[in-house]
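Observations on the model geometry
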Amino acid sequence: MELDDALNYVRARQQGVLVSLKSDGRPQLSNIVYAADDDGTIRISATASRAKTNNFRRDPRGSLHVTDDDFGSYCVIEGDVEVTPAAAEPDDATTDALVDYYRSIAGEHPDWDEYRRTMVDEGRLMLLLRPTRAYGMLSR
């Protein structure tokens, strides 16, 4: 499967299963909501304490599995995942990135100040999957 075809497929959706590798080498899977950018980067909001975050800090290899609603087509995007620093201040770069992520998923928030404080309180950060390879079966 061509990477561009897979990226077009995931851009049309927002939900998938993110795979990281546990310390024993077994996969750890998480249902996630994501935003796929024009440059191919796939952005995921997570917290600093999540297993997937710790897994990616140790081993950046990740996969995102995305399927159609009818379960008739799917693709898997593989790549390395960058873990940003956790949001530490309501106006830092990570919090700004989380605002941009929220807007791309859900539009405008009713109270951005509250949202920014919550991102800091929860220790939120961004996982940035940089695709290098794709496979799957797309419906035609």
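Up top is the structure these notes are about.
A brief report on the enclosed structure follows. Quantities reported herein were computed from a predicted structural model and do not represent experimental measurements. (Residues numbered from 1 in each chain as written. Predicted model: local features only at pLDDT ≥ 70, side-chain atom pairs only at ≥ 80, totals over all residues. Heavy atoms only, no water.)

Let us now look at the packing of aromatic side chains. Considering all chains together, one arrives at three aromatic pairs under this definition. These aromatic residues form a ring-pair network of at least three members: Tyr-102, Trp-112 and Tyr-115. The side chain of Arg-13 reaches across the aromatic face of Tyr-9, ending 3.7 Å from its centre. (Phe/Tyr/Trp six-rings, centres within 6.5 Å; stacked < 30°, edge-to-face > 60°. Lys NZ or Arg CZ within 6 Å of the ring centre and 35° of its normal.)

Moving on to the packing of helix α3 (residues 93-106) against helix α4 (residues 112-121). Viewed as axis vectors pointing N to C, α3 and α4 meet at an angle of 120 degrees, and their least axial separation amounts to 10 Å. The angle between α3 and α4 falls in the class oblique. With respect to the hand of their crossing, α3 and α4 are arranged in right-handed fashion. Counting all contacts with α3, which are made through Thr-95, Asp-96, Leu-98, Val-99, Tyr-102 and Arg-103, the residues of α4 involved are Trp-112, Tyr-115, Arg-116, Met-119 and Val-120. Among the residues forming the contact of α3 with α4, the class breakdown is seven nonpolar, one polar and three charged. (Axes fitted to C-alpha atoms, helices over the stretch in contact; angles between N-to-C directions. Helix = DSSP H or I, 4+ residues; strand = E, 2+ residues; numbered from the N terminus. Parallel < 35°, antiparallel > 145°, perpendicular 65-115°, else oblique. Left-handed = near helix turned anticlockwise from the far one by under 90°. Contact = heavy atoms within 4.5 Å. Nonpolar A, V, L, I, M, F, W, Y, C, P; charged D, E, K, R; others polar.)

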